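Each chain is listed here by its residues.
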Amino acid sequence: MAGTAQLQDVLTEARLSDALRGCRDVKELKALEQRLASTTDAPPLFTWICDLLVARRISRGLAARLLLELHDGGSP
């Protein structure tokens, strides 16, 4: 059964990676953050992005852009 849980984690991680790559602006990123927050057992989006970065599942450039947008809220 542990293999099934690991597979689900990978699928969830892949879906989140795709969703993050698809975020074109801060509004879409904030909507994704709110959707994740509504799931009781999901970690914060910031944590997801950091974990994906450490695991090398998203690029440093994408992670930097997303984390900056989360932190600043898109203000220049």
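Note on numbering: residues in each chain are counted from 1, in written sequence order. Totals for whole chains, interfaces and linings use all residues, but because this is a predicted model, local features are given only for residues with pLDDT of at least 70 and pairs of side-chain atoms are given and counted only at 80 or more. Note that water and hydrogens are dropped before the side-chain values are worked out from all heavy atoms of the structure.

*Asks:* Help me out: how do you make sense of the layout of surface pockets in this one?
*Replies:* Which parts of space are left empty comes out when a probe the size of a water molecule is rolled across the atoms. In this analysis a 1.4 Å probe is tested at points of a 1 Å grid over the protein atoms alone, and where it fits but cannot get out there is a cavity; an open set with protein on both sides within 12 Å along at least five of seven lines is a pocket; lining residues have an atom within 4 Å of a point. Grid points are joined across faces, edges and corners, and a volume is the space filled by probe spheres set on the points. For the largest pocket, the calculated volume is near 320 Å³. In terms of lining, the largest pocket is formed by Thr12, Arg15, Leu16, Ala19, Leu32, Arg35, Leu36, Thr39, Asp41, Ala42, Pro43 and Trp48. Put simply, the parts of the chain that give the lining of the largest pocket at least two residues each are α1 (2-22) and α2 (26-37). Strands are runs of DSSP state E lasting at least 2 residues, helices are runs of H or I lasting at least 4, and numbering of each runs from the N terminus. The element contributing the most residues to the lining of the largest pocket is α1, with four residues. Under the grouping applied here, Gly and all other residues not named as nonpolar or charged are polar, the nonpolar ones being Ala, Val, Leu, Ile, Met, Phe, Trp, Tyr, Cys and Pro and the charged ones Asp, Glu, Lys and Arg. For the lining of the largest pocket, the class distribution of residues is seven nonpolar, two polar and three charged.

*Asks:* Help me understand unusual backbone geometry in this model?
*Replies:* Most peptide bonds adopt trans geometry, and most residues besides glycine take a negative phi value. One non-glycine residue, Arg56, lies in positive phi territory at about 60°. On the basis of relative accessibility, which here comes to 76%, the residue Arg56 falls in the exposed class. Three labels apply to residues, based on accessible area from a 1.4 Å probe with only protein chains included: buried if under 20% of the type maximum, exposed if over 50%, partly exposed otherwise in between.

*Asks:* What am I meant to see in helix α4 (residues 60-72) here?
*Replies:* Each full turn of the α-helix corresponds to 3.6 residues, which orients residues three or four apart in the same direction. Between the first and last residue of a helix there are one fewer steps than residues, each counted as 1.5 Å, and that sum is the expected span. Spanning 13 residues, α4 covers 18 Å between terminal C-alpha atoms, matching the ideal 18 Å at 1.5 Å per step. Within the span of α4, buried status applies to Leu62, Ala63, Leu66, Leu67, Glu69 and Leu70. Burial along α4 is one-sided: seen end-on, the buried residues are contained in an arc of 160°. Turned more than 90 degrees off the buried face of α4, the exposed positions are Arg60, Gly61 and His71. In the segment just after α4, Gly73 is the residue with positive phi, at about 70°. By construction, the arc corresponds to the directions joining the helix axis to the C-beta atoms.

*Asks:* What's the story with the confidence of the model for the protein in this structure? I'm lost.
*Replies:* pLDDT gives the predictor's per-residue confidence on a scale running from 0 to 100. Residues at a pLDDT of 70 or more form 80% of the protein, whose mean pLDDT is 84. Averaged pLDDT values for the elements of the protein fall to 71 in α1 and rise to 95 in α4.

*Asks:* Sorry if this is basic, but what is going on with the packing of α2 against α4 here?
*Replies:* Each pair of packed helices gets described by two things: the angle between the helix axes and the distance between those axes. The axes are straight lines fitted to the C-alpha atoms, using for helices just the contacting stretch, and the angles between their N-to-C directions are given from 0 to 180°. As a packed pair, α2 and α4 sit with axes 10 Å apart at the nearest point and diverge in direction by 80°. Relative to α4, α2 is oriented roughly perpendicular. Residues Val26, Leu29, Lys30 and Glu33 of α2 lie in contact with α4, whose contacting residues are Leu66, Glu69 and Leu70. Considered class by class, the residues forming the contact of α2 with α4 number four nonpolar, no polar and three charged. Here roughly perpendicular refers to angles of 65 to 115 degrees, roughly parallel to angles under 35, roughly antiparallel to angles over 145, and oblique to all remaining angles. Two residues qualify as a contact provided that any one of their heavy atoms is within 4.5 Å of a heavy atom in the partner residue.

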